[in-house]
Amino acid sequence: MKIFKSKFLIVALMLTSFASFSQTNVKGVLVDAQNGEVLIGASVVVEGTTIGTATALDGSFSLTTPSGDQKIIFSYVGYIEIIKDVTLTQGEEFDFGNVELESNAIGLEEVRVVSSFARDRETPVAISTIKPEIIQEKLGTQEYPEILKSTPSVYVTKQGGGYGDSRINLRGFDSNNIGVLINGVPVNGQENGKVYWSNWAGLSDVTQTMQVQRGLGASKLAISSVGGTINILTKTTDVKQGGNVYYGVGNDGYNKQAFTLSTGLLDNGFAVTMAGAHTYGNGYVTATNFDGWSYFINISKRINENQSLSFTAFGAPQWHNQRSNAHYIEDYRNHEDGIKFNNDYGIRNGEIFNTAYAYNYYHKPQISLNHFWNINETTTLSTALYASIAKGGGRRTHGSSGLVSMEYGTGRPGDETLLTPEGLIDWDAAEELNAAALNGSEVIIANGINEHDWYGVLSTLNTELFGVEVTGGLDGRWYRGYHAYEIDDLLGGAYYLNTSDANRDPNKLLSKGDFINYHYYSDLAWLGVFLQGEYKTDQYSAFVSGSLSDQMYRRTDLFELPEDQQTEWKSFIDWAAKGGANYNINKNHNVFVNGGYFTRAPYFEFVFLDRTNDFNEEVKHERVLSTELGYGYRTSKIKADATVYRTVWMDKALTRSLGGGDIANLSGMDATHMGVELTATIRPVEKLDIRVMGSMGDWRWNSSVNTSVINDLGEVNQITINLEDVHVGNSAQTTAAIGVDYEVLPKFKIGADYNYYDNVFANFDIEAKEESADSWEMPSYQLIDFNARYNFKIGTLNATLIGNVNNLLDTEYIADARDGSDHDAASALVWYGYGRTYSMSLKVNF
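Keep in mind that this is a model prediction, so the values were computed, not measured. (Residues numbered from 1 in each chain as written. Predicted model: local features only at pLDDT ≥ 70, side-chain atom pairs only at ≥ 80, totals over all residues. Heavy atoms only, no water.)

Draft legend 1. How the structure looks around the pairing of strand E28 (residues 443-465). Here E28 lies mainly inside the structure; 17 of its 23 residues are buried. One ladder, built from 18 bridges, connects strand E27 (residues 380-399) with E28; its direction is antiparallel. Counterpart to Leu381 in the pairing with E28 is Leu461. In this structure, E28 lies alongside strand E29 (residues 468-489), joined through 21 bridges in antiparallel fashion. Its bridge partner lying in E29, Glu451 is registered against Tyr482. In sequence, E28 turns back onto E29 through a hairpin of two residues, with Phe466 there showing a positive phi of about 55 degrees. (Buried < 20%, exposed > 50% of the residue type's maximum accessible area, 1.4 Å probe, protein only. Helix = DSSP H or I, 4+ residues; strand = E, 2+ residues; numbered from the N terminus. Pairing = 2+ DSSP bridges.)

Structure follows, in structure tokens:
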């Protein structure tokens, strides 16, 4: 028996040894064929077997395969799959070197260059890049900007909770201080710099990739990158023919249907991709139902090997009810709806009917035509012509508005507010009141029209001179905004009287379609040039850039007499200079530094005061000085970055109304935002990804203003604003996040994300701050989200099932607050964040 066991052991060892000698180790690195960036998490599989692996955090892979003739399949989301035939000799290692994958999107790399997309270990700025699969797996029913909530120094909330009403702050700065680019084209509002995300509701369906560049960023344009830049690249056109259909459901009646179709690249050089979606639901907050559509089309034409044309159009027409008023904490607790409480509505004709500032409708399509030309091996020219013609506005009331709206500043009914026994706005009572009025309607419904025509050209020339990559270009824009109150509903009355228009008989009986209150155009002309020099080697990279722009404003008030309607052009010249350098110490370590200074013209609302043609003679440019130092660490299992920054914001534009038409300029307000940020991705084993983020900011106002203003009567108004050492409000100064994704079974992955927010100070009116005291510090909070994804086959078609639960523990927390008189919880007006929400979706590719 012992002899038998010994022989069996010898045979087993021989078989094991033979098996090991008949195998070969293969290795390599997967990279993007266009820009050389490593591809993390790409699939490497031996055809016809279950032998495979995924690339590590440095793009590398190592795989033990059978010897002999083998086919190795390389694939990655967004890239064209390739198969390499190799003959493997047993016992010898085979090195593929760099395996290049081509993007499946036509013209994507050209758009990346125009968009100043930053590259890891090359561009000396702090970046976070969000891939489309992360958006697909994590977003669920959340707002589009919420996909960034685990990014350092980012604070995102839904505000009142309406569809598309979310906001985002970056390093303590709001959206009018964050540059937002879509395919390299700036989309911040030309008049106030704001971004309304409801206008871009369809972006999540067509985003190719999304990058946050914190601080000054890499964009060469003169944009509002005080806090940072959000750089969004949409789909172009797929190389291969195909498409998909999508259906999703969620809490509170959420429904979404979507599709994508692509012809692939045809023999005549054309390719077309189109997508569409319909999203609707009741809304988490009471009376915030919504209905939105989105569409996207790209038509590309490869003219020859050196030139191509790309036409892109996308938009998202929508309407949605809103919650405009925040409330006291006690009012939420005393109402049966709890944190969903909303009293900005009533019932009219059997349907929800919201009051002023609680209903919005808008459509802002973005259309562009891009021409890419490789002039020679070192020179390229890219030119984009774009247009955006926006239509829409929001509900307003006029006349005795207090009859049908809550008090601003309390969110509670006023003494004259008409209410039903249930405490809702009584629209029927308003109609009865108007019908009985002898002098026309006492209160009416109007639409606050905010429309625009925006046209632009962006042309960029890139070449090489004496080993330096030189980029220069032109940025031209023309914009006209249309602003008015247009009567929409007389609410049961026969007519309405209004004397705002100096060109109209004050006794004219007004009806639907007539303009009241104000009616004006805002014209903006912009001409800018930019120039950058960049030197790059495998170890070093450095750049210096500058821009110069002339912004011209003009206002036309159609309610003034003809001779007084139009102002002269007012010109503001801005300039910017910035530079940075990156040093790759070795393949694991790199450091970078950047800094810059720029001036920014005041926004339109500060140039012409209080919706009049009165030019603000004392208005100033704002100034920004920013510096940043960063460190990066890369291995096959760890990817980590650390950044320290300091941004000084000087001469913030502020005004205060003194009554009687008097306006005071409050110049000299400065703030300092500094902090430290850390991000890390860890892959301890092949199928487990761990993401860690932390940021600590110290954002404070550091100035005070004392000024005297003399009005038309000779009266002196003494104004004092004291913001010395006051924390900046409206954003979390401390954030942290941990995310875990694990493939528990083949094609089945689960994920969980923990987010923590602290040092959140309530928002406050800076221009009214007369005491050097912090606003109320809101309670810290933490949230946990969960997601799962399963890939499977339906016949021969690939399908993906995704489920999401956000705020898994149903945590009750305050996300937004406006400071009260006592700087405490009792006097603050707040919006709670959403409780637990869920969604599930199915996508089938064909």
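Draft legend 2. Focus on the packing of aromatic side chains. If you walk through the whole model with that rule in mind, you get 33 aromatic pairs. Here the aromatic rings of Tyr76 and Tyr79 are separated by 5.6 Å at their centres, their planes lie at 40 degrees, and the arrangement is tilted. Comparing Tyr76 with Tyr79 shows no difference in burial state: the two are buried. Between Tyr790 and Phe792, the aromatic rings sit 5.4 Å apart at their centres with planes inclined by 10 degrees, giving stacked as the arrangement. Among the aromatic residues, ring-to-ring pairing joins Tyr553, Phe572, Phe604, Phe608 and Phe615 into one connected group. For Arg477, the ring lying beneath its charged end belongs to Trp526, and the centroid distance is 3.7 Å. (Phe/Tyr/Trp six-rings, centres within 6.5 Å; stacked < 30°, edge-to-face > 60°. Lys NZ or Arg CZ within 6 Å of the ring centre and 35° of its normal.)

Draft legend 3. Representation of the sheet that holds strand E2 (residues 43-46) within the structure. The antiparallel open sheet is built from four strands, whose spatial order is E3-E2-E5-E6. Single-partner strands in this sheet number two, and they are strand E3 (52-54) and strand E6 (82-88). The average angle at which neighbouring strand axes cross in this sheet is 20 degrees, direction not considered. (Axes fitted to C-alpha atoms, helices over the stretch in contact; angles between N-to-C directions.)

Draft legend 4. A look at helix H6 (residues 427-436). The complete set of buried residues in H6 reads Trp427, Ala430 and Asn434. In a view along the axis of H6, the buried residues occupy a sector of 55 degrees, so they form one face of it. Seen from the buried face of H6, the exposed residues on the opposite side, beyond 90 degrees, are Glu432, Ala435 and Ala436. Looking at the buried side of H6, the elements it contacts are strand E23 (345-348), strand E24 (351-354) and E28. Between the side-chain oxygen at the start of H6 and the backbone nitrogen of Asp428 there is a gap of 3.3 Å, and the oxygen is on Asp426. (Arc of directions from axis to C-beta. Contact = heavy atoms within 4.5 Å. Polar contact = N/O pair within 3.5 Å; in protein donor to acceptor, adjacent residues only side chain to side chain.)

Draft legend 5. Unusual backbone geometry, seen in detail. At Asp252, a position not held by glycine, the phi torsion is positive, near 55 degrees. By secondary structure assignment, the location of Asp252 is in the loop between strand E17 (242-250) and strand E18 (254-262). Overall, Asp252 belongs to the partly exposed group, its relative accessible area being 26%.

Draft legend 6. Structural context of the pattern of salt bridges. Tallied over the entire structure, the rule returns 35 salt bridges. Glu122 is the salt-bridge partner of Lys536, the closest N and O atoms lying 3.4 Å from each other. With a gap of 414 residues between them, Lys536 in strand E30 (residues 515-536) and Glu122 in the loop between helix H2 (108-114) and strand E9 (126-130) connect regions that are remote in the sequence. On the basis of relative accessibility, which here comes to 32%, the residue Lys536 falls in the partly exposed class. The salt bridge partner of Asp475 is Arg477, with a shortest N-O separation of 2.8 Å. Here the residues in one salt-bridge network are Lys138, Arg691, Asp741 and Asp753, joined through shared partners. (Salt bridge = Lys/Arg side-chain N within 4 Å of Asp/Glu carboxyl O.)

Draft legend 7. Structural detail: the side chain of Arg214. If you trace the backbone, Arg214 turns up in strand E14 (residues 207-214). Not counting the four nearest positions on each side in its chain, Arg214 is found in contact with Ala126, Ile127, Ser128, Thr151, Pro152, Leu170, Arg171, Gly227, Gly228, Glu628, Thr643 and Glu677.

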